[in-house]
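Coordinate analysis (summary)
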Amino acid sequence: MKKKSMYRLLSVFVLGFALYSCAGTELNSNRTEKEEMTKVDLEGAQVAYFASGCFWCVEAVFESVEGVHEAVSGYSGGNTKNPTYEEICRGQSGHAETVKVYYDSSIVSYQTLVDVFFNSHDPTTLNRQGPDAGTQYRSAIFYQTDIEKKIAKSTIKSLLASKTFSNITTEVSKLDSFYDAEDYHQDYERNNPNQPYVRSVSIPRLNEFKAKMPEVLK
């Protein structure tokens, strides 16, 4: 009887993790893929790259910001070419789940995007956001220019000086490459509003951010 009870307890734990972690979604599910959206002319748009946990959450946050045309989920910061989600989840490729943000710099500045980044996740937890743990969920800013690097570094310095955070684990690294994630990851929160992880983690995280920075919302 004791062995059966332990087995049932383990089964409940595994099921709970599958439902309420970003990596728990079945890869062969019939979830809706990225919807056909009105094509936005992205020619001339600026791009920025941020990682702060599950990219379903991060994409939804940035797409709520005025001046952001689109956010694309993908992978950066690793050592494997064309990584797959399976490799990312196993921590084999070294990549972080990253979002590529297309934005209009005449409407929203890079500094504001960095502020959005720090106001929409916990940068004090190393390799973890909420229920998701692993280097793929690390906090990171992947800069392209010295100006972006300076803004990221100075923002971190300011946040520490003001004691907004007691420590910051955010990695600030030069962008090497960015690989688009599989189609079904794109606009995942929008396409799957009733998925357990989305309901329990993604949507609350988005709403918490909106309450912090209502002045930047669309």
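Moving on to the packing of helix 2 (residues 55-63) against helix 7 (residues 196-212). One can describe the packing of helix 2 onto helix 7 by two numbers: an axis separation of 9 Å at closest approach and a directional angle of 35°. Read as a crossing pair, helix 2 and helix 7 show a hand that is right-handed. Of the residues in helix 7, those touching helix 2 at Trp 56, Cys 57, Val 58, Ala 60 and Val 61 are Tyr 197, Val 201, Ser 202, Arg 205, Leu 206 and Phe 209. By residue class, the composition of the contact of helix 2 with helix 7 is nine nonpolar, one polar and one charged.

Let's shift gears to the state of the cysteines. Two cysteines whose sulfur atoms are joined by a covalent bond form what is called a disulfide. In this structure the tally under the stated criterion is one disulfide. Covalently, Cys 22 is tied to Cys 54 through a disulfide, its sulfur atoms 2.3 Å apart. Its S-S torsion of about 60° marks the bond between Cys 22 and Cys 54 as right-handed, since a negative value means left-handed. Of this pair, Cys 22 sits in the loop between helix 1 (2-20) and strand 1 (46-52) while Cys 54 sits in the loop between strand 1 and helix 2, and the two are 32 residues apart along the sequence. In this pair, the class of Cys 22 matches that of Cys 54, namely buried. No disulfide involves Cys 57; its nearest neighbouring cysteine sulfur is the one of Cys 54, lying 4.6 Å away. Free of any disulfide, Cys 89 has its nearest cysteine sulfur in Cys 22, 7.0 Å distant.

So, about the pattern of salt bridges. Side-chain pairing between opposite charges can occur once the charged atoms of the two side chains come close. Going through the model one piece at a time under the given rule, you end up with three salt bridges. Measuring nitrogen to oxygen at the nearest pair gives 3.5 Å for the salt bridge that ties Arg 190 to Asp 187. Its relative accessible area of 42% is what places Arg 190 among the partly exposed residues. Residue classification places Asp 187 among the buried residues on the basis of a relative accessible area of 2%. By sharing partners, the salt bridges in this structure join Glu 63, Asp 187 and Arg 190 into a single network.

Here is what the cut-offs are and how they apply
Residues numbered from 1 in each chain as written. Predicted model: local features only at pLDDT ≥ 70, side-chain atom pairs only at ≥ 80, totals over all residues. Heavy atoms only, no water. Axes fitted to C-alpha atoms, helices over the stretch in contact; angles between N-to-C directions. Helix = DSSP H or I, 4+ residues; strand = E, 2+ residues; numbered from the N terminus. Left-handed = near helix turned anticlockwise from the far one by under 90°. Contact = heavy atoms within 4.5 Å. Nonpolar A, V, L, I, M, F, W, Y, C, P; charged D, E, K, R; others polar. Disulfide = S-S within 2.5 Å. Buried < 20%, exposed > 50% of the residue type's maximum accessible area, 1.4 Å probe, protein only. Salt bridge = Lys/Arg side-chain N within 4 Å of Asp/Glu carboxyl O.

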